[in-house]
Amino acid sequence: MVNKLITEDTKLFMTGNETVAYAAIAAQADIMYGYPITPQNEVMHTWAKMQPKTGAGFLQTEDEISAGFSTLGGVIAGKRAFTATAGPGNVIMQDAMSMAEMMRLPAVFVILQRGGPSTATVIYGQQETTLTVFGGNGEGFRVVYSTWSNQDMYDYTIKSFNTAWKYRWPTYVLADGYQGKMREPVVCYDPASRGIEMVPTEPYVRAKGIPGVDRPPCHIRNAFSVEEELLECMDNYQAAFDKMAPEIEEYYTYKADDAEILVIAHGIVARSVMTAVDELREQGVKVGLFRPITLRPLAVKPLREAVSRAKQVLFTESALGQLARICLEKMYGLTTPYDTLYKAGFGIVGDDIVEKVKEMQRNLVTT
Amino acid sequence: MAQILTVAPKQADAVNREIGPHKFCPGCGHGMTLNTLGFAIDDLNLKERSVFGCDIGCSLLAWNFMSIDSVQTHHGRTTPVIYGIARAVPDTVGIAYMGDGGGYAIGAQHLVNAATRNEKMLVILVNNTNYGMTGGQMAPTTLPGQKTETTPYGRDVKVHGKPFLGPEMVASIVGEESYVARGTVGNLRQLRGFMRKALTNVADGRGFSFIEVLSMCPLNWRTNNTDSWGRLKTMEEYYKVGELRVPEEIKGVK
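Residues numbered from 1 in each chain as written. Chains lettered and ligands numbered in written order. Predicted model: local features only at pLDDT ≥ 70, side-chain atom pairs only at ≥ 80, totals over all residues.

### Some words on the overall build of chain B
Here is step 1: Broken down by element type, chain B carries 9 helices and 9 strands.
Here is step 2: Taken along its principal axes, the extent of the C-alpha atoms in chain B is 55 × 45 × 35 Å.
Here is step 3: Long-range pairs, those at least 24 residues apart, make up 69% of the contacts in chain B with a sequence separation of at least 6. (Helix = DSSP H or I, 4+ residues; strand = E, 2+ residues; numbered from the N terminus. Contact = placed C-beta atoms within 7 Å.)

### A look at the overall build of chain A
Here is step 1: Each helix and strand in chain A was counted, giving 12 helices and 15 strands.
Here is step 2: The C-alpha atoms of chain A give a radius of gyration of 21 Å, which matches the 21 Å a tight globule of 367 residues would have.
Here is step 3: Across its three principal directions, the C-alpha atoms of chain A cover 75 × 50 × 40 Å.
Here is step 4: Put simply, chain A has 367 residues, and 53% of those count as buried. (Rg over C-alpha atoms; globule rule 2.2 N^0.38 Å. Buried ≥ 20, exposed ≤ 12 C-beta atoms within 10 Å, placed from the backbone.)

### Observations concerning the packing of helix α1 (residues 16-26) of chain A against helix α6 (residues 150-167) of chain A
Think of two packed helices as two axes; the pair is described by the angle between the axes and how far apart they sit.
Residues and elements named next belong to chain A.
Here is step 1: Contact geometry of α1 with α6 gives a least axis separation of 8 Å together with a crossing angle of 30°. As judged from the angle between their axes, α1 and α6 are roughly parallel. With respect to the hand of their crossing, α1 and α6 are arranged in right-handed fashion. Here G16, T19, V20, Y22, A23, A24 and A26 of α1 lie close against α6, whose contacting residues are N150, M153, Y154, T157 and I158. (Axes fitted to C-alpha atoms, helices over the stretch in contact; angles between N-to-C directions. Parallel < 35°, antiparallel > 145°, perpendicular 65-115°, else oblique. Left-handed = near helix turned anticlockwise from the far one by under 90°.)

### A few points about the confidence of the model for chain B
Here is step 1: The predicted model of chain B has a mean per-residue pLDDT of 96, with 99% of residues at 70 or higher.
Here is step 2: Both scores are given for the predicted complex: the pTM is 0.96, the ipTM 0.94. (pLDDT = per-residue confidence, 0-100.)

### Observations concerning the interface of chain A and chain B
Where the parts come together, the accessible area they lose is often given as the size of the interface.
Here is step 1: Counting residues at the interface gives 34 residues for chain A, matched by 29 residues for chain B.
Here is step 2: Sorting the residues of the side of chain A that touches chain B by element identifies β2 (31-34), β3 (57-60), α3 (64-76), α4 (87-103) and β9 (219-220) of chain A as the ones contributing at least two each.
Here is step 3: The element best represented in the side of chain A that touches chain B is α3(A), accounting for 9 residues.
Here is step 4: Looking at side-chain class alone, the side of chain A that touches chain B contains 17 nonpolar, 10 polar and 7 charged residues.
Here is step 5: Pairing of β9(A) with strand β2 (residues 69-72) of chain B involves 2 bridges; the strand directions are parallel. Counted as the bridge partner of A:I220 is B:V71 from β2(B). (Nonpolar A, V, L, I, M, F, W, Y, C, P; charged D, E, K, R; others polar. Pairing = 2+ DSSP bridges.)

### Concerning the sheet that holds strand β4 (residues 81-85) of chain A
Residues and elements named next belong to chain A.
Here is step 1: Strands sit in the order β3-β2-β4-β5-β7-β6-β13 across an open sheet of 7 strands; the sheet is mixed. Taken across any chain shown, the strands that pair with only one partner, and hence form the sheet edges, are β3 and β13 (294-296). Across this sheet, the average inter-strand angle for adjacent strands is 20°, counted without regard to direction.
Here is step 2: Pairing of strand β6 (residues 143-146) with strand β7 (residues 171-176) involves 4 bridges; the strand directions are parallel.

### A look at the nonpolar core
Here is step 1: A:L72, A:A107, A:L262, A:V263, A:V273 and B:M121 are the most contacted members of the largest nonpolar core, which has 177 residues in total.
Here is step 2: No other element matches the 8 residues that helix α9 (residues 268-282) of chain A contributes to this core.
Here is step 3: There are two domains that each give this core at least three residues, and those are domain 1 (10-194) and domain 2 (252-362) of chain A.
Here is step 4: Beyond its immediate sequence surroundings of up to four residues, A:A107 is in contact with A:T71, A:L72, A:V75, A:A81, A:F82, A:A100, A:A164 and A:P170. (Core = buried A, V, L, I, M, F, W, Y, C linked by C-beta atoms within 7 Å. Domains from an automatic or database assignment.)

### Observations concerning the domain arrangement of chain A
Residue and element names in this part refer to chain A.
Here is step 1: Split into domains, chain A comes out as domain 1 (10-194) and domain 2 (252-362).
Here is step 2: Computed over C-alpha atoms, the centres of domain 1 and domain 2 are 27 Å apart.
Here is step 3: Facing the 24 residues of domain 1 at the interface are 20 residues of domain 2.
Here is step 4: Those elements giving two or more residues to the side of domain 1 that touches domain 2 turn out to be α5 (129-134), β6, β7 and α7 (177-181).
Here is step 5: Counting residues per element, the side of domain 1 that touches domain 2 draws most heavily on β6, at 4 residues.
Here is step 6: Across the side of domain 1 that touches domain 2, the residue classes tally to 9 nonpolar, 13 polar and 2 charged.

### Observations concerning the sheet that holds strand β3 (residues 93-99) of chain B
Here is step 1: Strand order in the open sheet made by the 8 strands is β9(A)-β2(B)-β1(B)-β3(B)-β4(B)-β8(B)-β7(B)-β9(B), with mixed pairing throughout. Pairing within the sheet leaves two strands with one partner each, and these edge strands are β9 of chain A together with β9 (242-245) of chain B.

### Looking at the packing of α3(A) against helix α2 (residues 78-88) of chain B
Here is step 1: For the pair α3(A) and α2(B), the least separation of the axes is 7 Å and the interaxial angle reads 50°. The orientation of α3(A) with respect to α2(B), classified from their angle, is oblique. Considering only the axes of α3(A) and α2(B), their crossing is right-handed. For the pair α3(A) and α2(B), contact is made by A:S66, A:F69, A:S70, A:T71, A:L72, A:G73, A:G74 and A:I76 and by B:P80, B:V81, B:I82, B:Y83, B:G84, B:I85, B:R87 and B:A88, respectively.

### Observations concerning unusual backbone geometry
Residue and element names in this part refer to chain A.
Here is step 1: That bond from G116 to P117 is cis: its omega, 0°, falls within 30 degrees of zero.
Here is step 2: Looking at the element boundaries, P117 is found in the loop between β5 (108-113) and α5.
Here is step 3: Geometrically, the link from R296 to P297 is a cis peptide bond, its omega value of -5° lying close to zero.
Here is step 4: By the element assignment, P297 lies in the loop between β13 and α10 (300-309).
Here is step 5: Positive phi, close to 65°, is recorded for R206, a residue that is not glycine.
Here is step 6: With respect to the secondary-structure elements, R206 resides in the loop between β8 (183-188) and β9.
Here is step 7: For R206, a count of 21 C-beta atoms within 10 Å puts it in the buried group.

Pasting the structure below:
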């Protein structure tokens, strides 16, 4: 058991990366496995620096492949284990993530998105959205929380551990380089003080007793011999995932009820949308925000309702339509026209959105 | 009329007797290696502390072979899963079981780094000079001149390089606290001794331990009994069987 650092509410001015480490300790995470990649490094730095006080474990691995798989080793051993990565690291960590999906291992992966594809930039982007939501050679049986502030990173890192261990799906905190490197005030708290009880972890291997004597040996696998066996497994997984979805779906709206133009954005871009909404509202433009928080599973019903009410929709993201694709599939049958404001691996500010919305007012889109 | 054997084959307690005959091909060395591992675990009474991990390739068929806690992983990733477990629960005797492709090709970086970091775990690597599960392609360990599906005219060392000397490599990068050996399914008594030493070394929390096991793959080799055995003997000439590193503290372990 790790030692708590935060026992009473403490306001700290720190980066998102530091925040993740503090939140993971607050969530009683036992061990982190990680590999250096920008813009994620300070999660590890902070975690390692706090070790003498927390007594938590840490291993710097030889690559992200190992970081992913050794994290799963920690989970299999019954520990609350996690890792953090970005960009190309996120790509190769999908190998471990797909094993987590297949074996229903509740690991937490924190992603600080950078520019893509390939090495691209170490700065910022939202181009790991599709990868994080649907990566791996499977069906995307994972939960993805998209954060928009450092406080969010604290709250949702804690929440991720509980979602993961309660429902036994791998769970992502999806942030970005801006959030990771930006300093903001964060109220750190002991989850218990908010009535949050940490879901206990259980060992798969090394449970009490001698295997084959006191209990059956644990045999866990991800390989199947025949199609029928796999199909049954996948159908069961889909049913379990669908059952969970309404219990964990989250979204946030801002002045969306009477919005004629509905802007759909996630993560830090949604914050820019808020500033644009305020500015446009002052000018009498009826605009609002719909921000999915869980990108997987998506809050489909509220999304469809908000879109149905609007006269136009604007998708904006620091990628070329990754969030839009996820949403549009779930908007099938709706006829609200939409426009887009995409900047791949580039920040989007309120002025960009104000300008775009005004343009939309002038020329009604029909696509 | 065929004679029915009335005496059951001797099986280790650490081997899962509920699964019936093993799933490996006739003449395969995996069953012999695993049963020997089972005996070594019995000898040291390590069932409770042991965690067995198996790779992709033929080794995955061992996922429920042992009567100890077991996890089947991805190709090349058994080593990180096992040290992930051992790092989380340090008195674990973690055993990563893999083939030559898993350990020397796709998972080589994990083998190298686990060895240099002195992860307290045992890697057992079965060398049958080819990729068995996928149908007999060239492996890092394929012998010079050996025909495989991807070297149909024989392994040409000028094109494909020389066979991978795993224990020699591991022995050169580990410290004095590591145990490194190469055994063979041609001498299971000796292999059991190697495994006892390696397991003791891990159980004592001393250091990374590594055993390569020379094994047979009659199906992909397309060899009968006599020729399989002959091929194993050829391998033993190329790959020297014996101990490469033995920590002082376990020299007395038999």
